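A structural walkthrough
As a plain string of letters, each chain reads:
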Amino acid sequence: MAADSRTVTQLEAEGYHHICGECCKGYVWLPFNLLRKTVRGLDSMTVDQIGAKMRCDRCGCRPTRYYPARQEDAPGYVRGFSYPKTDAT
């Protein structure tokens, strides 16, 4: 996998709001705003730097793969539901 040199600030400007890591649990989606509360200097970090700091809380290993992700990329994501309007009588 090629190194991703974009910073979190650049990724958010492009519409990415999560980092996805693959580990023994499957896919783990971490929103940048949640990471921002615990990781100092997150805005200037690259995806590779964030991935190097991540650890699985179950097995303790680093993710085998990590990449920026949009909410629309999540499996089962539905943009919204529209319900037919009913007459209130």
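Presented here is an overview of the structure given in this document. No experiment lies behind these values; they were computed from the predicted model shown. (Residues numbered from 1 in each chain as written. Predicted model: local features only at pLDDT ≥ 70, side-chain atom pairs only at ≥ 80, totals over all residues. Heavy atoms only, no water.)

Within the open sheet, the 3 strands sit side by side as 2-1-3. Their pairing is antiparallel. The outermost strands of the open sheet, each flanked by one partner alone, are strand 2 (26–31) and strand 3 (65–69). The average undirected angle you get between the axes of adjacent strands in this sheet is 25°. Alignment of strand 1 (residues 18–23) against strand 2, held across 6 bridges, turns out to be antiparallel. Paired with C23 across the two strands is G26, which belongs to strand 2. (Pairing = 2+ DSSP bridges. Helix = DSSP H or I, 4+ residues; strand = E, 2+ residues; numbered from the N terminus. Axes fitted to C-alpha atoms, helices over the stretch in contact; angles between N-to-C directions.)

So, about the pattern of salt bridges. Enumeration over the complete set of coordinates arrives at 5 salt bridges. For the salt bridge of K25 with D57, the shortest nitrogen-to-oxygen distance reads 2.4 Å. A residue pair is termed long-range when its members are at least 10 positions apart, and K25 in the loop between strand 1 and strand 2 and D57 in the loop between helix 3 (47–53) and strand 3 qualify at 32 residues. Among the residues examined, K25 registers a relative accessible area of 38% and is labelled partly exposed. Here D57 falls in the exposed class, since its relative accessible area comes to 65%. With a shortest N-O distance of 2.8 Å, R36 and D43 are connected by a salt bridge. By relative accessible area, which is 35% here, D43 ends up partly exposed. One connected set of salt bridges, linked through shared partners, spans E12, R36 and D43. (Salt bridge = Lys/Arg side-chain N within 4 Å of Asp/Glu carboxyl O. Buried < 20%, exposed > 50% of the residue type's maximum accessible area, 1.4 Å probe, protein only.)

When its volume is computed, the largest pocket comes out at roughly 250 Å³. Residue lining of the largest pocket: 16 residues in total, with L30, K53, M54, R55 and C56 positioned closest to the centre. Put simply, the parts of the chain that give the lining of the largest pocket at least two residues each are strand 1, strand 2 and helix 3. Looking at side-chain class alone, the lining of the largest pocket contains 11 nonpolar, 1 polar and 4 charged residues. (1 Å grid on protein atoms, 1.4 Å probe; cavity = no way out; pocket = protein on both sides within 12 Å on 5 of 7 lines; lining within 4 Å. Points joined across faces, edges and corners; volume = space filled by probe spheres on them. Nonpolar A, V, L, I, M, F, W, Y, C, P; charged D, E, K, R; others polar.)

Attention shifts here to the nonpolar core. Formed by V8, L11, Y16, I19, F32, L35, L42, M45, V47, I50, M54 and Y66, the largest nonpolar core amounts to 12 residues. For this core, the elements supplying multiple residues, two or more each, are helix 1 (8–13), helix 2 (32–38) and helix 3. Those residues in contact with L42 that lie beyond four places of it in its chain are V8, F32, L35, R36 and I50. (Core = buried A, V, L, I, M, F, W, Y, C linked by side-chain atoms within 4.5 Å. Contact = heavy atoms within 4.5 Å.)

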